[in-house]
Amino acid sequence: MAGEAHPACGVPGTVDRQELRVKRELFDIPEGVIYLDGNSLGAAPKHVAERMQEVVRHQWGTRLIRSWSEGWWEAPQRIGDRVGRLIGAAPGQVVVGDSTSVNVFKALMGAVKGTSRTEIVCDESTFPTDGYIAQSVASLTGLKIRGAHPSSLDLTEDTAVVLLNQVDYRTGALNDMKALTEQAHGVGAQVVWDLCHSAGVLPIELDALGVDFAIGCTYKFLNGGPGSPAFIYVPTHKQATFENPLSGWNGHREPFAMETSYEPDPGIVRARVGTPDILSMLALDAALDVWDDVDLAELRERGLELTALFRAQVEKLTNLEVITPEVRGNQISVRCPDAKAVMDELIARGVIGDQRPPDILRFGFAPLYVTDEDAIRAAEVLAEVTR
Ligand SMILES: Cc1ncc(COP(=O)(O)O)c(C=O)c1O
């Protein structure tokens with residue numbers, strides 16, 4: 001019944017548990033494993049293996065080079081639109097390809113191109129690659145880089161662009177995309193959102209919030225597979241002026257004209273670079289089928305329920321400190337001495353999460369395949385291991 005308290009911990013539910021669409025049977029999770037690392041590598045939807053057989057045997061094996069004109073060439077845009085639906089982007093504004101790091105570079109270089117402003121502000125708690133790339137952009141462009149926490153960005157009219165994460169990879173904290181985007185725009189700065197830990201977690205409204213650029217990976221909550229291509233969002237109104245710093249032939253307006261000079265495609269295609277990794281891309285395409293009928297608002301409620309349940313159980317059964325704030329993504333992080341040894345033991349006992357140095361255990365809750373029972377059992381095993 002909607003709103004009924006969970007029997008194990010008294011946490012009130014907001015979604016009718018009988019109606020939830022847990023799709024665990026669609027995923028290849030071994031018996032006896034509680035998989036709480038979808039925030040790092042999402043589980044494999046079962047049908048992906050079969051689809052990849054078809055891709056390799058038929059599309060590559062039989063159709064050979066013809067497959068490029070039978071769907072491969074446009075795959076980055078087509079699959080980009082599928083991702084776009086999950087992040088509030090109307091068609092024609094997202095392409096998949098390259099890694100997140102490369103897309104951070106494209107978005108930041110695009111954002112600072114031609115600016116007379118002097119600084120790039122980077123979320124100081126960000127996943128390191130974003131900071132490293134921002135440093136490269138700063139040294140290539142001569143802008144200064146300043147680290148700041150999203151709670152105190154201190155933006156000024158010197159700020160050209162702010163690079164932010166919607167969900168913090170370490171703590172699971174959820175940043176307020178609307179308020180922070182408005183804050184950046186209030187001083188005339190642009191904003192690049194890293195959605196690695198939020199795509200597939202909650203409804204995102206890139207178009208409605210007027211976000212300038214967004215990037216993210218697809219191998220976490222979207223279950224695209226190890227190293228699956230990342231995505232970049234460039235809204236329609238910015239495309240004509242967006243200058244991709246990596247002017248590869250895939251972004252050319254006439255790639256097969258083999259012209260010697262680069263002229264970008266007028267639309268989102270200009271965010272492409274080189275030949276796409278078709279096998280990875282089509283594995284992602286298959287994995288996205290699972291999302292076709294997912295209601296992101298309902299999924300969000302489930303994510304909140306699962307994380308509340310796990311948090312309550314950890315607080316009841318252990319002395320460990322949960323560092324994830326109330327406003328969160330689908331992750332609970334726990335401070336724990338000997339985090340590596342504890343996680344190794346949890347994994348040996350079938351509870352798979354991960355750890356980040358020096359002392360943080362991370363547990364990701366992907367509502368498509370994690371159940372209440374998983375959350376409760378995982379907390380019990382954590383208590384046994386840390387007793
Ligand atoms: C917030 C964030 N950005 C970027 C990355 C990784 O970038 P890439 O896909 O280029 O390895 C991660 C990986 O976990 C991440 O958590």
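Per chain, residues are indexed from 1 in the order of the written sequence. Only residues with pLDDT of at least 70 get local features here, since the model is predicted, and only at 80 or more are side-chain atom pairs given and counted; chain-wide, interface and lining totals rely on the full set of residues. Only heavy atoms go into the side-chain values, all of them from the structure, while hydrogens and water stay out.

1. A closer look at the sheet that holds strand β2 (residues 94-96)
Here comes step 1: One bridge is not enough; two strands pair if DSSP finds at least two bridges between them. Every helix listed is a DSSP run of H or I at least four residues long, and every strand listed is a run of E at least two residues long, numbered separately from the N terminus. The seven strands lie next to each other as β2-β8-β7-β6-β5-β3-β4, forming an open sheet whose pairing is mixed. Strands with a single pairing partner mark the edges of an open sheet, and in this sheet they are β2 and β4 (144-148). Across the sheet, the mean angle separating the axes of adjacent strands is 15 degrees when strand polarity is ignored.
Here comes step 2: With five bridges joining them, strand β5 (residues 159-165) and strand β6 (residues 190-194) adopt parallel strand pairing. Here the axes come from fitting lines to C-alpha atoms, over the contacting stretch only for helices, and the angles between their N-to-C directions go from 0 to 180 degrees.

2. Looking at the packing of aromatic side chains
Here comes step 1: To pair, rings of Phe, Tyr and Trp, with the six-membered ring standing in for Trp, must have centres within 6.5 Å; the planes then decide the type, stacked if under 30 degrees apart, edge-to-face if over 60, and tilted in the middle. For the coordinates displayed, the defined rule picks out eleven aromatic pairs.
Here comes step 2: Centre to centre, the rings of F27 and Y369 are 4.8 Å apart; their planes meet at 55 degrees, and the pair counts as tilted. Taken together, the positions of F27 in the segment before β1 (34-35) and Y369 in the loop between β13 (360-364) and α11 (372-386) put the pair 342 residues apart, joining distant regions of the chain. Taken individually, F27 and Y369 each receive the classification buried, so the pair is uniform in this respect.
Here comes step 3: Relative to F242, the ring of F213 has its centre 5.7 Å away and its plane inclined at 50 degrees; by these criteria the two rings are tilted. In this pair, F213 is assigned in strand β7 (residues 213-216) and F242 in the loop between α7 (236-239) and α8 (278-287), connecting sequence segments 29 residues apart. One exposure class covers both F213 and F242, and it is buried. Buried residues are those whose accessible area, probed at 1.4 Å on protein chains only, stays under 20% of the maximum for their type, while exposed residues exceed 50% and partly exposed ones sit between those limits.

3. Details of unusual backbone geometry
Here comes step 1: In the segment running from P357 into P358, the intervening peptide bond is cis, with an omega of 0 degrees.
Here comes step 2: Here P358 lies in the loop between β12 (354-356) and β13.
Here comes step 3: Non-glycine residue D338 carries a positive phi angle of around 55 degrees.
Here comes step 4: Tracing the backbone shows D338 in the loop between β10 (331-335) and α10 (339-348).

4. Some details on the side chain of R272
Here comes step 1: With respect to the element layout, R272 can be found in the loop between α7 and α8.
Here comes step 2: For the buried residue R272, which engages in no salt bridge, the nearest side chain bearing the opposite charge is E74, 7.1 Å off. Counted as positive: Lys and Arg. Counted as negative: Asp and Glu, with His and the chain ends omitted from the count. By convention in these notes, a salt bridge is any Lys or Arg side-chain nitrogen within 4 Å of a carboxyl oxygen on Asp or Glu.

5. A short note on the UniProt feature "modified residue: N6-(pyridoxal phosphate)lysine" (unreviewed entry) in the protein chain
Here comes step 1: UniProt positions are given in the numbering used here, feature names are shortened, and annotations may be inferred rather than shown by experiment. Listed under "modified residue: N6-(pyridoxal phosphate)lysine" (unreviewed entry) in the UniProt record, and renumbered for this structure, are K220.
Here comes step 2: Mapped onto the fold, K220 is located in the loop between β7 and β8 (231-233).
Here comes step 3: When its relative accessible area of 10% is taken as the criterion, K220 is described as buried.
Here comes step 4: Residue contacts follow a heavy-atom distance rule, with two residues in contact if any of their heavy atoms lie within 4.5 Å. Each residue touching K220, except ones within four places of it in the same chain, is listed here: G38, N39, S40, L41, G42, C196 and H197.
Here comes step 5: As used in this structure description, the phrase polar contact means that two N or O atoms lie within 3.5 Å; if the pair is within protein, one of them must be able to donate a hydrogen and the other to accept it, and residues adjacent in sequence are counted only when both atoms belong to side chains. Among the polar contacts made by the side chain of K220, one reaches the main-chain carbonyl oxygen of N39 at a distance of 3.4 Å.

6. What to know about the packing of helix α9 (residues 296-317) against α11
Here comes step 1: Following both chains from N to C, one finds α9 and α11 inclined at 25 degrees, their axes separated by 9 Å at the closest point. Here α9 is positioned roughly parallel relative to α11, judged by the angle of their axes. As for how α9 packs across α11, the hand of that crossing is right-handed. Contact residues: α9 offers R302, L306, L309, F310, Q313, V314 and L317, while α11 offers D372, A375, I376, A378, A379, E380, L382 and A383.
Here comes step 2: Its residues assigned to classes, the contact of α9 with α11 comprises eleven nonpolar, one polar and three charged. For classification, angles of less than 35 degrees are called roughly parallel, those exceeding 145 degrees roughly antiparallel, those between 65 and 115 degrees roughly perpendicular, and all remaining angles oblique. With the far helix as reference, a near helix turned anticlockwise by less than a right angle produces a left-handed crossing, and one turned clockwise produces a right-handed crossing. Under the scheme applied, nonpolar residues are Ala, Val, Leu, Ile, Met, Phe, Trp, Tyr, Cys and Pro; charged residues are Asp, Glu, Lys and Arg; polar residues are all the others, including Gly.

7. Topic: the site of the ligand
Here comes step 1: What surrounds the ligand is the set S99, T100, S101, F127, T129, D130, N165, D194, C196, H197, Y219 and K220.
Here comes step 2: Between the ligand and the protein, one listed contact pairs an oxygen atom with a side-chain N or O atom of H197 at 2.7 Å.
Here comes step 3: Per-residue accessibility takes into account occlusion by the displayed protein chains alone, with areas from the Shrake-Rupley method and a 1.4 Å probe. Computed on the free molecule, the ligand has an accessible area of 400 Å², of which 85% lies beneath the protein chains in the complex.
Here comes step 4: Mapped by element, the contributors of at least two residues to the shell around the ligand are α3 (100-112) and α4 (128-141). One heavy atom suffices: a residue is near a molecule or strand as soon as one of its heavy atoms comes within 4 Å of it.

8. Digging into α3
Here comes step 1: Take the residue count of a helix, subtract one, and multiply by 1.5 Å to get its expected span. Compared with the 18 Å implied by 1.5 Å per residue over 13 residues, the 18 Å span of α3 between its first and last C-alpha is a close match.
Here comes step 2: Within the sequence span of α3, burial applies to T100, N103, V104, F105, K106, A107, L108, M109, G110, A111 and V112.
Here comes step 3: Residues of α3 that are buried make contact with β3 (119-123), α4, β5, β6, β7 and β8.
Here comes step 4: Positive phi shows up at G114, right after α3, with a value of about 75 degrees.

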